[in-house]
Amino acid sequence: MLDTLDVIEQLRAEHRLDDLPQYKNYPAGSCGISSYTVGMVLLDRGLNDGDGQWFLVDTNDSGPETATHTWLEYRIGTEAVYSVDPSIGQFPGIRKTPWVGRGTSPAAKRFTGRWPLHPVKTADQKWAKPSYLESLQRVRERLEQSTRQPLVSGHE
């Protein structure tokens, strides 16, 4: 999972994702696209057992500017067992680095307004924007390339 987050950052730093509007100011404004991309890669890797399901959690706060935020939760029933928040670093008062851990994202304390959950199932979901699909394709390609690289050993 962390290698997927690293790939997103590497591609963005190499300007291979910056042409997608949601990555221009990464991590700000990239919560939906990065959470979707990570969620689909988790499914690719079989990290979805029969008891639960990954969901995109769309939220908002009630602050003066009414900010919104999205992260992933693996839920069994209504309980968030694990969460992944690739772009929480846009809120340095909450956390400076991506969150991967048990329970819900630390952002849930600020973002208390909830919208309907989006299950992460297939790449062609009707709500998935074209830029989300492009991000997923690029990250999948990079991950595939990295798994084909031979391991370098200091021993012959």
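Owing to the predicted nature of the structure, the values given are computational and were not obtained by experimental measurement.

1. Observations regarding the packing of aromatic side chains
Applying the stated criterion to the full structure yields 5 aromatic pairs. Ring plane angle 40° and centroid distance 6.0 Å describe the contact between Tyr-23 and Tyr-26, whose orientation is recorded as tilted. Tyr-26 carries the same exposure label as Tyr-23, and that label is buried. With centroids separated by 5.5 Å and ring planes inclined at 40°, the aromatic side chains of Tyr-36 and Tyr-132 adopt a geometry described as tilted. One end of the pair, Tyr-36, is in helix 2 (residues 31–44); the other, Tyr-132, is in helix 3 (residues 130–148), with 96 residues separating them in the sequence. Like Tyr-132, Tyr-36 is buried. Three or more aromatic residues joined by ring pairs make a cluster, and in this case those are Trp-54, Tyr-74 and Tyr-82.

2. Things to note about the pattern of salt bridges
Applying the stated rule across the entire model yields 5 salt bridges. Put simply, Arg-75 and Glu-73 hold a salt bridge, and the shortest N to O gap is 2.7 Å. Linked through salt bridges whose partners overlap, the residues forming this network are Asp-19, Glu-134 and Arg-138.

3. Considering the confidence of the model for the protein
Residues at a pLDDT of 70 or more form 86% of the protein, whose mean pLDDT is 82. Confidence over residues 150–156 falls short of pLDDT 50; this stretch has 0 contacts with residues more than four positions distant or in other chains.

4. Looking at the pairing of strand 2 (residues 68–76)
Taking burial as the measure, the 9 residues of strand 2 include 7 buried ones, the bulk of the element. Of the strand pairs in this sheet, strand 1 (residues 53–60) and strand 2 are connected by 8 bridges, and their pairing is antiparallel. Within the sheet, the bridge partner assigned to Val-57 lies in strand 2 and is Trp-71. By the bridge criterion, 5 bridges tie strand 2 to strand 3 (residues 79–85) in an arrangement that is antiparallel.

The rules behind each value
- Residues numbered from 1 in each chain as written.
- Predicted model: local features only at pLDDT ≥ 70, side-chain atom pairs only at ≥ 80, totals over all residues.
- Heavy atoms only, no water.
- Phe/Tyr/Trp six-rings, centres within 6.5 Å; stacked < 30°, edge-to-face > 60°.
- Buried < 20%, exposed > 50% of the residue type's maximum accessible area, 1.4 Å probe, protein only.
- Helix = DSSP H or I, 4+ residues; strand = E, 2+ residues; numbered from the N terminus.
- Salt bridge = Lys/Arg side-chain N within 4 Å of Asp/Glu carboxyl O.
- pLDDT = per-residue confidence, 0-100.
- Contact = heavy atoms within 4.5 Å.
- Pairing = 2+ DSSP bridges.

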